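Letter by letter, the chains look like this.
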Amino acid sequence: MSTTLTHEEVGRLAERVDDAQRRAHAIAKLTDEFPLMTVADGYAVQGDLRRRRIARGARLVGWKVGLTSKAKMQQMGVHEPSIGFLMDDMARPENSAIDTSELVHPRVECEVAFVTKRLLRGPGCTMQQVLDATDFVLAAVEIIDSRYAGFKFDLPSVIADNGSSARFVGGGRARYAGELDLRTLGVVMEKNGEIVAMGAAAAVLGHPAEAIAMLVNLLGTQDQELPAGSFVMSGGITEAIHVKPGDNVVARFQELGSVSMRFI
């Protein structure tokens, strides 16, 4: 993957995105200033952003795959999935109150999360290797929050913004992946008691474990690996649903129980 940004430009853009995330304000998408910016440039900015978070004391706990469903790609106008990192300070407990004043454009999506028991390394990682290395799967909701004005972005910009990741909630009932048909696993999202989205996990690249394999292989191109004990979100099964203060969200997963949260 080729890059167009200098080291100084990468640092400047990472600082811009970091400030937007920390102070919850919208910025113009990065390609407005750097129209030749590539996907590799986006990952360079994301890597700088991750190092800044770690330097401030946050701990890397896992990764996320984004834009994995056709619905999501069409909704956001992009053509391939992306990955982002998950820090311990992004996690929220089940049934918790999530403060929207810390967010710009909060939206929620249902995902199957994988917790690994063995290290995974690319290139060449397969879906079966992911399943063999998985300790268990569980229900999860990701609260995404693009920091770009009007929730408008392109692939290099969204990658630089860590795949719009903001918060995540895991819960329900953990299950061994081998006990389930993850392709047909159904989920229903309710907002304020009304069904707002539903789907099956096959919407995620045909099988959510395929998304994890893709993530591992992409990490391999960045000379990184997925450690044992990682928490990995496999991507939104449905389109992302807008939330605002006062909303209550419940994601009900077949076989995996439910995850709930409220927004204040």
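Look a little higher up for the structure.
Structure report, in brief. Quick caveat, the model's predicted, so the values are computed rather than measured.

**Section: the overall build of the chain**
Turning to step 1, where the next piece is worked out: Of regular secondary structure, the chain possesses 6 helices and 12 strands.
Turning to step 2, where the next piece is worked out: A compact globule built from 264 residues should have a C-alpha radius of gyration of about 18 Å, and the chain, at 17 Å, falls within 12% of that.
Turning to step 3, where the next piece is worked out: In terms of its C-alpha atoms, the chain occupies a principal-axis envelope of roughly 50 × 45 × 35 Å.
Turning to step 4, where the next piece is worked out: Of all 264 residues assigned to the chain, the portion counted as buried reaches 56%.
Turning to step 5, where the next piece is worked out: Taking all contacts inside the chain whose residues are at least 6 apart in sequence as the whole, residues at least 24 apart take part in 76%.
Turning to step 6, where the next piece is worked out: As displayed, the chain has an accessible area near 10800 Å², and 50% of this comes from carbon and sulfur atoms.
Turning to step 7, where the next piece is worked out: Computed over 29 positive and 33 negative side-chain charges, the separation of the two mean positions in the chain equals 2 Å.

**Comments concerning the environment of A209**
Turning to step 1, where the next piece is worked out: With respect to the secondary-structure elements, A209 resides in helix α6 (residues 208-221).
Turning to step 2, where the next piece is worked out: Taking the C-alpha atoms as reference points, A209 and L131, separated by 78 residues in sequence, lie 6.7 Å from one another.
Turning to step 3, where the next piece is worked out: Excluding residues within four positions of it along the chain, A209 makes contact with F114, M127, V130 and L131.

**Side note on the nonpolar core**
Turning to step 1, where the next piece is worked out: By size, the foremost hydrophobic cluster in this structure holds 86 residues, and its most contacted members are V108, V112, L215, L226, F253 and M261.
Turning to step 2, where the next piece is worked out: No other element matches α6, which puts 8 residues into this core.

**Section: the sheet that holds strand β7 (residues 186-191)**
Turning to step 1, where the next piece is worked out: Pairing in this open sheet of 5 strands is mixed, and the strands run β3-β12-β11-β7-β8 from one edge to the other. The open sheet has two free edges, formed respectively by β3 (97-98) and β8 (194-200), since each of these has just one partner strand.
Turning to step 2, where the next piece is worked out: Across 6 bridges, β7 lies against β8 in antiparallel orientation. Across the sheet, residue G186 finds its bridge partner in β8, namely A200.

**Re the pattern of salt bridges**
Turning to step 1, where the next piece is worked out: As enumerated under the stated definition, the model contains 17 salt bridges in all.
Turning to step 2, where the next piece is worked out: Its salt-bridge partner being R121, residue E225 comes within 2.9 Å of it at the nearest N-O pair. Of the two residues, E225 is situated in the loop between α6 and β9 (231-233) and R121 in the loop between β4 (107-116) and α4 (127-133); the sequence distance between them amounts to 104 residues.
Turning to step 3, where the next piece is worked out: With a closest N to O distance of 3.5 Å, K244 and D247 form a salt bridge.
Turning to step 4, where the next piece is worked out: The class for K244 is partly exposed, based on a relative accessible area of 43%.
Turning to step 5, where the next piece is worked out: If you follow the salt bridges from partner to partner, you end up with R12, R16 and E33 in one network.

**Quick notes on the packing of helix α1 (residues 7-23) against helix α2 (residues 39-55)**
Turning to step 1, where the next piece is worked out: One can describe the packing of α1 onto α2 by two numbers: an axis separation of 8 Å at closest approach and a directional angle of 60 degrees. As the angle between them shows, α1 and α2 are arranged oblique. The chirality of how α1 crosses α2 is right-handed. Contact with α1, carried on its side by V10, G11, L13, A14, E15, V17, D18 and Q21, involves A44, V45, D48, L49, R52 and R53 of α2 and no other residues of that element.

**Focus: the side chain of S157**
Turning to step 1, where the next piece is worked out: Relative to the helices and strands, S157 is located in helix α5 (residues 155-160).
Turning to step 2, where the next piece is worked out: You can call S157 buried: its relative accessible area is 0%.
Turning to step 3, where the next piece is worked out: Beyond its immediate chain neighbours, meaning those up to four positions away, S157 contacts K29, L30, T31 and Y148.

**Here's the deal with the packing of aromatic side chains**
Turning to step 1, where the next piece is worked out: Scanning the entire structure with this criterion turns up 3 aromatic pairs.
Turning to step 2, where the next piece is worked out: Taking 5.2 Å as the distance between ring centres and 25 degrees as the angle between the ring planes, the aromatic pair formed by F168 and F231 counts as stacked. Linking F168 in strand β6 (residues 165-175) with F231 in strand β9, this pair joins segments that are 63 residues apart in sequence.
Turning to step 3, where the next piece is worked out: Taken together through their ring pairs, the aromatic side chains of Y148, F151 and F153 make up a single cluster.
Turning to step 4, where the next piece is worked out: The lysine or arginine in question, R107, covers the ring of F151, its NZ or CZ lying 3.7 Å from the ring centre.

Scoring rules and cut-offs
- Residues numbered from 1 in each chain as written.
- Predicted model: local features only at pLDDT ≥ 70, side-chain atom pairs only at ≥ 80, totals over all residues.
- Heavy atoms only, no water.
- Helix = DSSP H or I, 4+ residues; strand = E, 2+ residues; numbered from the N terminus.
- Rg over C-alpha atoms; globule rule 2.2 N^0.38 Å.
- Buried < 20%, exposed > 50% of the residue type's maximum accessible area, 1.4 Å probe, protein only.
- Contact = heavy atoms within 4.5 Å.
- Areas by Shrake-Rupley, 256 points an atom, 1.4 Å probe, with all protein chains shown as cover.
- Lys, Arg positive; Asp, Glu negative; His and termini not counted.
- Charge placed at Lys NZ, Arg CZ, Asp CG, Glu CD.
- Core = buried A, V, L, I, M, F, W, Y, C linked by side-chain atoms within 4.5 Å.
- Pairing = 2+ DSSP bridges.
- Salt bridge = Lys/Arg side-chain N within 4 Å of Asp/Glu carboxyl O.
- Axes fitted to C-alpha atoms, helices over the stretch in contact; angles between N-to-C directions.
- Parallel < 35°, antiparallel > 145°, perpendicular 65-115°, else oblique.
- Left-handed = near helix turned anticlockwise from the far one by under 90°.
- Phe/Tyr/Trp six-rings, centres within 6.5 Å; stacked < 30°, edge-to-face > 60°.
- Lys NZ or Arg CZ within 6 Å of the ring centre and 35° of its normal.

Any functional reading would require information that these geometric values do not contain.
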